[in-house]
Amino acid sequence: MKKFPVTYNDILPEDKFQSISTYFMEGDWKLTNKSYDSDSAKLSWELKGPIEIICFEVATYIKLVIKKYIGKDIHLRSMHTNGQTFGQGSELHRDRDDIGYYSCILFTTPHWDLQWGGEFVCKDYKGNQHSVLYKPNKAVVIPSHWEHYGASPNVHTDTLRTSLGLIYEVAR
């Protein structure tokens, strides 16, 4: 059985990471993102407009890394942009309720200081909690039915914490 969460430091080649982080940093952000579909869900930032080709290139690259780890063919099912500033904590949620899907969160902010917070937190099926520090060009992969959230940046920064969320389905 494979262990999760699995993390990848510097998952992307430098040129791909520079392209995606530039797209995110120069993007047109709007305050309409929700972790789940509910009127009471807290809002955070998401990129406005169609998703650019660089996101699909990154998703394809990461797909091959995950496929090698899990040993199964997978297909991209969805893609989601996310941005948070101080005070915009997201809520514990699942991306999917069913088994056979994997969520990958790619940290896309080009510079991040450890003191700024923004960690990724998840809870496995046994209830064990895992915390992954935010670091540029790091990816975290978990089964999509695990509860998780991205912590907002803390009072030490006004930098936008950005990530690209990818959901892959195991081929049937």
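Check the entry above for the structure.
Here's what I pulled together on the structure shown here. From a predicted model like this one, the values you see are computed outputs, not experimental measurements.

### Some details on the overall build of the chain
A tally of regular secondary structure across the chain gives two helices and ten strands. N-terminal to C-terminal, the α/β element order of the chain is β-α-β-β-α-β-β-β-β-β-β-β. On C-alpha atoms alone, the chain measures out to a radius of gyration of 15 Å, which is about the 16 Å that the 2.2 N^0.38 rule sets for 172 residues. Looking at the 172 residues of the chain, the share that counts as buried comes to 46%. For the chain, the share of sequence-separated contacts (at least 6 apart) that also reach a separation of at least 24 residues comes to 80%.

### A short note on the environment of Thr 159
Counting through the fold element by element, Thr 159 comes out in the loop between β9 (147-150) and β10 (161-170). For Thr 159, a relative accessible area of 21% corresponds to the partly exposed category. Linking Thr 159 and Thr 85, residues 74 residues apart in sequence, is a C-alpha distance of 6.6 Å. For Thr 159, the contacting residues outside a window of four places in its chain are Gln 84, Thr 109, Trp 112, Trp 116 and Pro 153. Of note is the side chain of Thr 159, whose polar atom sits 2.9 Å from the side chain of Thr 157.

### Side note on helix α1 (residues 14-26)
One full turn of an α-helix is made of 3.6 residues, so residues set three or four places apart face in the same direction. Counted at 1.5 Å a residue, the expected span for α1 with its 13 residues is 18 Å, and the 18 Å between its end C-alpha atoms agrees. Buried within α1 are the following residues: Phe 17, Ile 20, Ser 21, Tyr 23 and Phe 24. All buried residues of α1 project into a common sector of 155° when viewed along the axis, lining one side. When the buried face of α1 is taken as reference, the exposed residues oriented beyond 90 degrees from it are Glu 14, Asp 15 and Glu 26.

### Details of the pairing of β9
Two faces make up the sheet, and in a regular strand the side chains alternate between them. Only one face of β9 is covered, namely the face carrying His 148 and Gly 150; the face carrying Glu 147 and Tyr 149 is uncovered. Of the strand pairs in this sheet, strand β6 (residues 120-123) and β9 are connected by four bridges, and their pairing is antiparallel. Of the residues in β9, the one forming a bridge with Lys 123 is Glu 147.

Basis of the calculations
Residues numbered from 1 in each chain as written. Predicted model: local features only at pLDDT ≥ 70, side-chain atom pairs only at ≥ 80, totals over all residues. Heavy atoms only, no water. Helix = DSSP H or I, 4+ residues; strand = E, 2+ residues; numbered from the N terminus. Rg over C-alpha atoms; globule rule 2.2 N^0.38 Å. Buried < 20%, exposed > 50% of the residue type's maximum accessible area, 1.4 Å probe, protein only. Contact = heavy atoms within 4.5 Å. Polar contact = N/O pair within 3.5 Å; in protein donor to acceptor, adjacent residues only side chain to side chain. Expected span 1.5 Å × (residues − 1). Arc of directions from axis to C-beta. Pairing = 2+ DSSP bridges.

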